[in-house]
Amino acid sequence: MIKIQTVSLVDLLPVPIRNDPAMAAAAAALDIQLQETYRMIAGLDIFGRSAEWTNEETDELAWQFSPPYYDPDLPLEQKRLLIQNAIPFHRHKGTAGAVEDLIAILFGQGAVEEWWQYGGDPHHFRVVTNNADVTAERAQEFIAAVDAVKRLSAVLDSVTISQAEQLPFYFGGFLHFGEHITI
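Remember, predicted model here, so these are calculated numbers, not experimental data.

### Section: the overall build of the protein chain
No. 1: The helix and strand tally for the protein chain stands at 9 helices and 3 strands.
No. 2: Beginning at the N terminus, the succession of helices and strands in the protein chain can be written as α-α-α-α-α-α-α-β-α-β-α-β.
No. 3: For a compact globule of 183 residues, the expected C-alpha radius of gyration is about 16 Å, and the protein chain comes in at 31 Å, more than 25% above that figure.
No. 4: For the protein chain, the spread of C-alpha atoms along the three principal axes comes to 120 × 60 × 30 Å.
No. 5: Relative to its full complement of 183 residues, the protein chain shows a buried share of 27%.
No. 6: Restricting the contact set of the protein chain to residue pairs at least 6 apart, pairs at least 24 apart contribute 49%.
No. 7: Just so you have it, the protein chain exposes about 12900 Å², and 59% of that area is on carbon and sulfur atoms.
No. 8: For the protein chain, the centre of its 12 positive side-chain charges and the centre of its 25 negative side-chain charges are spaced 7 Å apart.

Here is the structure:
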C-alpha cells in the first residue's frame, strides 16, 4: 500500500528510468515539493487539528461558523467545543437535545424537563443542573445560552440546581437475649 505522506517518486518510476541519474535527481527534487504540499494540505483540515487552535483562531472560526452561543471570555476548551458542535447545533436547534448539549459544554451536566413531565403549562420547560455556578455569577450567561438554542415559542420556567453529596450512613442495632424469671 502506498501512502502519500511517505511515497517517493523515485520508487514509482519504472526501472529503466529510475537508473537514469537525471531522472532520479528530478524525481528527488519533486519529492521535496510534494512533501511540502502535503504538509500544507494537512494544515487545511480545520477540525482535525482543533486541539491546536489558539484563542485568536477560535474567535475567527466562531465568526465563520457562528455557534448559537459564543463568548470570547470562555475558556479555550469550551470555545473549541462550541465551534466543533456549531453545525450540529444548527441542525438540532429548537430541541431539548440541543439545549442539553449546550448546557453540557458550558455548565457540565444538565437535563431538560418538558412541561408534561412536571405538570407545567404547555410549551414551557425547566432545566435541572448540578452546577452550583449557575446561581448568581453565571445566571445571565446560562439564560442567554439556553435562549440561543431553544424554540422561540418555548418558555423557560425555572432552573433547578440539584446537588448530591456523599454522606456517611451508619446503621446500628441491638439484640438482647436473656431470661426474665419472676418468683
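Back to the write-up after that little detour.
### Details of the packing of aromatic side chains
No. 1: In total, this model carries 4 aromatic pairs according to the counting rule given.
No. 2: Judged by centre distance (6.3 Å) and plane angle (90°), the rings of Trp115 and Trp116 are edge-to-face.
No. 3: Three or more aromatic residues link up through ring pairs in this structure, and these residues are Phe47, Trp53 and Phe65.

### Section: the pattern of salt bridges
No. 1: Enumeration according to the criterion identifies 5 salt bridges in this entry.
No. 2: Between Arg49 and Glu57 there is a salt bridge whose closest N-O contact spans 3.2 Å.
No. 3: Here Arg49 falls in the partly exposed class, since its relative accessible area comes to 23%.
No. 4: For the salt bridge of Glu113 with Arg126, the shortest nitrogen-to-oxygen distance reads 2.5 Å. With Glu113 in strand β1 (residues 110–114) and Arg126 in strand β2 (residues 124–129), the pair connects residues that are 13 residues apart, well separated along the chain.
No. 5: Judged by relative accessible area, which is 24%, Glu113 ranks as partly exposed.

### A few points about the nonpolar core
No. 1: If you look at the biggest cluster of nonpolar residues, it comprises 27 residues, and the most contacted ones within it are Tyr69, Leu82, Ile83, Leu102, Ile103 and Leu106.
No. 2: For this core, the secondary-structure elements that each account for two or more residues are α4 (55–65), α5 (76–84), α6 (86–92), α7 (96–107), β2 and α9 (139–149).
No. 3: With 7 residues, the top contributor of residues to this core is α7.
No. 4: Leave out the neighbours within four places in its chain, and Ile83 touches Phe47, Trp53, Thr58, Leu61, Ala62, Phe65 and Tyr70.

### Structural notes on the packing of α7 against α9
No. 1: Contact pair α7 / α9: the axes reach a minimum separation of 9 Å and the direction vectors enclose 145°. Between α7 and α9 lies a crossing whose hand is right-handed. In this structure, α7 uses Ala98, Val99, Leu102, Ile103, Leu106 and Phe107 to contact α9, whose residues at the interface are Glu141, Phe142, Ala145, Val146 and Val149.
No. 2: Partitioning the contact of α7 with α9 into residue classes produces 10 nonpolar, no polar and 1 charged.

### So, α4
No. 1: Taken as a whole, α4 has its buried residues at Thr58, Leu61, Ala62 and Phe65. Along the axis of α4, the buried residues cluster in a sector spanning 110°; they form a single face. Away from its buried face, by an angle of more than 90 degrees, α4 presents the exposed residues Glu56, Glu60 and Trp63.
No. 2: Elements in contact with the buried residues of α4: α5 and α6.
No. 3: Positive phi shows up at Ser66, right after α4, with a value of about 40°.

Cut-off values and rules
Counting restarts for each chain, with residues numbered from 1 along the sequence as it is written. Reporting of local features is limited, given that this is a predicted model, to residues whose pLDDT is at least 70; pairs of side-chain atoms are given and counted only at 80 or more, and all residues count toward the totals for whole chains, interfaces and linings. Water and hydrogen atoms play no part in the side-chain values, which are based on all heavy atoms of the structure. Counting from the N terminus, the helices are the DSSP runs of H or I reaching at least four residues and the strands are the DSSP runs of E reaching at least two. Radius of gyration: over C-alpha atoms. The globule rule applied is 2.2 Å multiplied by the number of residues raised to the 0.38 power. Relative accessibility thresholds used throughout: buried, under 20% of the residue-type maximum; exposed, over 50%; partly exposed, between the two (1.4 Å probe, protein chains only). Throughout, a residue-residue contact means that at least one pair of heavy atoms, one from each residue, lies within 4.5 Å. To be clear on the numbers: accessible area is Shrake-Rupley with a 1.4 Å probe, and residue cover counts the displayed protein chains and nothing else. The sign given to each residue is positive for Lys and Arg and negative for Asp and Glu; His and the chain ends receive no count. Taken as the charge location is NZ of Lys, CZ of Arg, CG of Asp or CD of Glu. When the centres of two rings from Phe, Tyr and Trp lie within 6.5 Å, Trp using its six-membered ring, the rings pair. Their planes under 30 degrees apart give stacked, over 60 give edge-to-face, and anything left gives tilted. When a carboxyl oxygen of Asp or Glu is within 4 Å of a side-chain nitrogen of Lys or Arg, the pair counts as a salt bridge. The definition of a nonpolar core used throughout is a set of buried Ala, Val, Leu, Ile, Met, Phe, Trp, Tyr and Cys residues joined through side-chain atoms within 4.5 Å. Every axis in this analysis is a line fitted to C-alpha atoms, fitted for helices over the stretch in contact. Angles between the N-to-C directions lie between 0 and 180 degrees. Crossing handedness: left-handed means the near helix sits turned counterclockwise from the far one by under a right angle, and right-handed means the same turn made clockwise. Each residue is assigned to one of three groups, with Ala, Val, Leu, Ile, Met, Phe, Trp, Tyr, Cys and Pro labelled nonpolar, Asp, Glu, Lys and Arg labelled charged, and all others, Gly among them, labelled polar. Within this analysis, the arc is defined by the directions that extend from the helix axis to the C-beta atoms.

None of the figures reported here should be taken as evidence of function without further support.
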